[in-house]
Amino acid sequence: MSSTVRYFITYQVLPVLVLVLFSACGARHDKTVDRLNHLAYTYHYRNLDSVTYYATAAQQQASSYDGGLAEALNHHAFVSIAKMQYPLAYTQLDSLTHATDNQVELLIADVQYMRLCQRESKNKDFYTYKENAIEKIKRIHEGYEELSEHLRRRFLYGLSEFYIVTSTYYYYVGLEEQSIAALREIDKELDIESDTAQYLNYLYNIGAGGIINDGDQDEINQVEFDHLMRCYLLSVKGGYPFWTANSLQAISEHLMGEPKKLIESNLPSMKFLNQDQMPDSLLAGYLAQRSLDLFSDFGDVYQVAGAYRTLAQCYWGINDYRSSLICLQEALSRDTLINQAPDLVASIREQLSVVYSAMNDKQNSDINRNYYLDKQEQTRQDRYLESRAEQLDKAVSQTNMMIVAVGLGILITISSIAAFVLLRRKKDKTQTVENQQPENPAQADSGDTQPPVTPPADSGAGDGNGDSTPTDTPAAGKKDGSEEQPEGGGSQPVDESADGGKTKDKKVKLTLRHKSHTQHYYRCGLMLTKVFAEYEVSEEAV
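All residue numbers refer to position in the chain's written sequence, counted from 1. Residues qualify for local features only when their pLDDT is at least 70, as the model is predicted, and side-chain atom pairs are given and counted only at 80 or more; totals for whole chains, interfaces and linings, by contrast, use all residues. Note: side-chain values were computed over all heavy atoms of the structure, leaving out hydrogens and water.

A. Local environment of the environment of Tyr171. Numbering goes from the N terminus for both helices and strands, where a helix is a DSSP run of H or I of at least four residues and a strand is a run of E of at least two. In this structure, Tyr171 sits in helix α7 (residues 149-172). Remark: the alpha-carbon pair of Tyr171 and Gly210, spanning 39 residues in sequence, is separated by 7.6 Å. Sequence-distant contacts of Tyr171, defined by excluding residues within four places in its chain, comprise Ser179, Gly209 and Gly210. Residue contacts are defined here by distance: any two heavy atoms, one from each residue, within 4.5 Å place the two residues in contact.

Here it is as structure tokens:
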């Protein structure tokens, strides 16, 4: 093998092959992380432990894949929110925001922040994260065509969850019109049925109440019941115990009070739900108990407390106040983490006040009544205007900082220009002085003034009038202008000219010339030198 071929293979072919190999390995690695994250997502409403398992596996393999790492952290935060480990959820979401610039995962993180704020009744912060999410949604729509299939599925989840969480928040602060409008955005924009888990979420929120407002109350109840039954059937079929429990709980609430008409209008559904053949009067409590069991197995602390509250309502409806009181006390004491959700605690305290009142315990009734009134005053106030004012203040502060920065930039630029001009002038002045100096020492000694001219000496010959004619050049044959001595000797110079042999002193003509300061004088049409003065001086003076 020649050296040329060996060189070509070593330095041209092998690097390309290694690069292709590593690129292929990196692509396969990213796909593995995406697959693990997808498995974690499919278990969101099935098993929280499985979510943690697959999210941890994805996180461990996503060291160089920030999008996969961010998605894994989002899954971990989902589990932490379900278990009401809110400080841990904030930590995970904060880590996510610093780990990636993936706008889809950052959108999902903002939605989870919104969920946390809704649970904790941080109404002002809710709007802050909501505005952040809206900005990300706009950016994602602009580049939607460039998203991979995996990111498009994640965006569907994030956007649908955004509208559902927004609707839930508006519902709990009493803004029903905004709640309805937010949920209806899903029908306008999204193919929600392509994501089964989110479609179940949508059906439950429609059926839970407060969204349907067309027709009389019986018609509204029937439409809501249809949505809940569809949610129940699909969740059972797909193995989503979380949504099975939610739909049972909501149906139980619909059966409280006067359930006769709803039961009579949906006998097949009621028979399917009533697996243990409970009497109609106990059907609501039966469904609530099943819901509580499912939530307990699933491990959602928030939903367990809510299920106890629903079961207490069922007992209160059949005048079993003691059982109702036990359920409410269990809701508050089973896990103290629910104290992080003040609105949920306030609703439980409200029911406690009613139960104690029915039991003629006025003191405890008043205590719980005052508690929930104080909490509701704090938690159910819409803080949109406060949040908007805070955002505007932040924008004004940022604008002021930008103005100050621009002003400093202008001052620095002006100072730099002024310093440059001063240095340029100083340099030009120095060059002018240097260029005005003579080019040889003889010119430096002569200066700019005319040297004194020695008058011609009288030789005593000729007609005796002392006149002589000056010569323009020194005597021929003498380079240094010295006197030519006659053959007979003598100390005086003699000039034997044609006018009678008069003698004169030797004369030298000095010419002062001006040199152009322009470096490229010949391009400017200037001559190299210009004669501006000529002098005749004695040779001795030179």
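From this point on, the discussion continues.
B. Focus on the pattern of salt bridges. The rule for a salt bridge is simple: a side-chain nitrogen of Lys or Arg has to be within 4 Å of a carboxyl oxygen of Asp or Glu. One pass over the structure, following the stated rule, counts nine salt bridges. The partner of Asp110 in a salt bridge is Lys136, with the nearest N and O atoms 2.9 Å apart. Residue Asp110 is located in helix α5 (residues 103-120), and its partner Lys136 is located in helix α6 (residues 123-142); the two are separated by 26 residues in the primary sequence. Taking relative accessible area as the criterion, Asp110 reaches 5% and is therefore assigned buried. Burial classes follow relative accessibility: with a 1.4 Å probe on protein chains only, a residue under 20% of its type's maximum area counts as buried, one over 50% as exposed, and anything between as partly exposed. Residue Lys136 is classed as buried on the basis of its relative accessible area, which comes to 12%. In this structure, Lys362 engages Asp366 in a salt bridge whose closest nitrogen and oxygen atoms are separated by 2.8 Å. Taken together, the residues span about one helical turn, with Lys362 and Asp366 both in helix α18 (residues 362-379) at a distance of four residues. Exposure remark for Lys362: the relative accessible area of 59% places this residue in the exposed category.

C. Inspection of the packing of aromatic side chains at higher detail. Note on ring pairs: Phe, Tyr and Trp rings are taken, using the six-membered ring of Trp, and paired if centres are within 6.5 Å. Classes follow the plane angle, with under 30 degrees stacked, over 60 edge-to-face and the rest tilted. Taken as a whole and judged by the stated rule, the model has 20 aromatic pairs. On the numbers, 3.9 Å between centres and 15 degrees between planes, the contact of Phe126 with Tyr169 is stacked. Here Phe126 is found in helix α6, whereas its partner Tyr169 is found in helix α7, with 43 residues between them in sequence. For the pair shown, Phe126 and Tyr169 are each scored as buried. For the cation-ring pair, Arg119 lies above Tyr302, with the distance from its terminal atom to the ring centre recorded as 3.8 Å. Cation over ring: Arg349 sits above Tyr371, and NZ or CZ is 4.6 Å from the ring centre. Working rule: Lys NZ or Arg CZ, within 6 Å of ring centre, within 35 degrees of ring normal, means a charge sits over the ring.

D. The packing of helix α3 (residues 66-82) against α7, seen in detail. The axes used here are C-alpha line fits, helices contributing only the stretch in contact, and every angle between their N-to-C directions lies in the interval 0 to 180 degrees. Viewed as axis vectors pointing N to C, α3 and α7 meet at an angle of 30 degrees, and their least axial separation amounts to 13 Å. Judged by the inter-axis angle, α3 sits roughly parallel to α7. As α3 runs across α7, the sense of the crossing is left-handed. Each of Glu71, Asn74, His75 and Phe78 in α3 lies in contact with α7, whose residues at this interface are His150, Arg154 and Tyr157. Considered class by class, the residues forming the contact of α3 with α7 number two nonpolar, three polar and two charged. Relative orientations are named as follows: roughly parallel for angles under 35 degrees, roughly antiparallel for angles over 145 degrees, roughly perpendicular for angles from 65 to 115 degrees, and oblique for any other angle. Here a crossing is called left-handed whenever its near helix is offset anticlockwise from the far helix by less than a right angle, and right-handed whenever the offset is clockwise. Nonpolar residues are Ala, Val, Leu, Ile, Met, Phe, Trp, Tyr, Cys and Pro. Charged residues are Asp, Glu, Lys and Arg, and all others, Gly as well, are polar.

E. Main features of the packing of α7 against helix α8 (residues 176-189). Running from N to C, α7 and α8 cross one another at 165 degrees; their axes reach a closest spacing of 7 Å. Classified by the angle their axes make, α7 and α8 are roughly antiparallel. Between α7 and α8 the crossing geometry is left-handed. For the pair α7 and α8, contact is made by Leu159, Ser160, Tyr163, Ile164, Thr166, Ser167, Tyr170 and Tyr171 and by Gln178, Ser179, Ala182, Leu183, Glu185, Ile186 and Glu189, respectively. Tallied by class, the residues present in the contact of α7 with α8 amount to eight nonpolar, five polar and two charged.

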